[in-house]
Amino acid sequence: MKYFPTLICFFICISLQAQQPKAYQMVSFKNAAQKLRFELDYAEGYLAASQIKLAQPRAKTQIFNPVSGTPAENGELSFRANSGATIKLLGIDQEATSPKSIKGTYRFKGKVLQILFYRTR
């Protein structure tokens, strides 16, 4: 019985946290280049929640997460996968709404591929 007030406070805190609204909107972008399919989930308003998925034939889907939550001063936003591959998105402005297309570069094992993401919705 002495833990009852603690349990009540715990459940109140959990319920308040579960009701927090999202402060960003997800916008989907896609690209297909040289048998690679890139999907960008662009978190408009909170770039650190963005994610890129790379699907390859006969390979496990790679997930790229942002290196930092904000773009560099030159507008580059870097993503890195566990495999060591990197993707840099170019011309990203954190304050602006999501563009209709986003240019980027994919680098893996010395190979560089220019990619262009198109908004899907």
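Fair warning: this is a prediction, and the values are worked out from it, not measured in the lab. (Residues numbered from 1 in each chain as written. Predicted model: local features only at pLDDT ≥ 70, side-chain atom pairs only at ≥ 80, totals over all residues. Heavy atoms only, no water.)

(A) Quick look at the overall build of the protein chain. If you tally the helices and strands in the protein chain, you get 1 helix and 8 strands. Each helix and strand of the protein chain, ordered N terminal to C terminal, gives the series α-β-β-β-β-β-β-β-β. By residue count, 30% of the 121 residues in the protein chain fall in the buried class. Long-range pairs, those at least 24 residues apart, make up 30% of the contacts in the protein chain with a sequence separation of at least 6. Of the roughly 8600 Å² that the protein chain leaves accessible, carbon and sulfur atoms contribute 54%. (Helix = DSSP H or I, 4+ residues; strand = E, 2+ residues; numbered from the N terminus. Buried < 20%, exposed > 50% of the residue type's maximum accessible area, 1.4 Å probe, protein only. Contact = heavy atoms within 4.5 Å. Areas by Shrake-Rupley, 256 points an atom, 1.4 Å probe, with all protein chains shown as cover.)

(B) Summary view of the nonpolar core. Residues Phe38, Ile52, Phe64, Ile87, Leu89, Tyr106 and Phe117 are the most contacted members of the largest nonpolar core, which totals 23 residues. Sorting the residues of this core by element identifies strand S1 (25-33), strand S2 (36-44), strand S3 (51-55), strand S5 (77-80), strand S6 (86-90), strand S7 (101-108) and strand S8 (111-119) as the ones contributing at least two each. With 4 residues, S2 is the single largest residue contributor to this core. If we ignore the near neighbours within four places in the chain, the residues touching Leu89 are Leu40, Ile52, Gly75, Glu76, Leu77, Phe79, Ile102, Lys103, Gly104 and Phe117. (Core = buried A, V, L, I, M, F, W, Y, C linked by side-chain atoms within 4.5 Å.)

(C) Up close: the side chain of Asn31. Locating Asn31 in the fold gives a position in strand S1. Assessed through its relative accessible area of 12%, Asn31 is described here as buried. Of note is the side chain of Asn31, whose polar atom sits 2.5 Å from the backbone oxygen of Leu116. Those residues in contact with Asn31 that lie beyond four places of it in its chain are Leu36, Arg37, Phe38, Ile115, Leu116 and Phe117. (Polar contact = N/O pair within 3.5 Å; in protein donor to acceptor, adjacent residues only side chain to side chain.)

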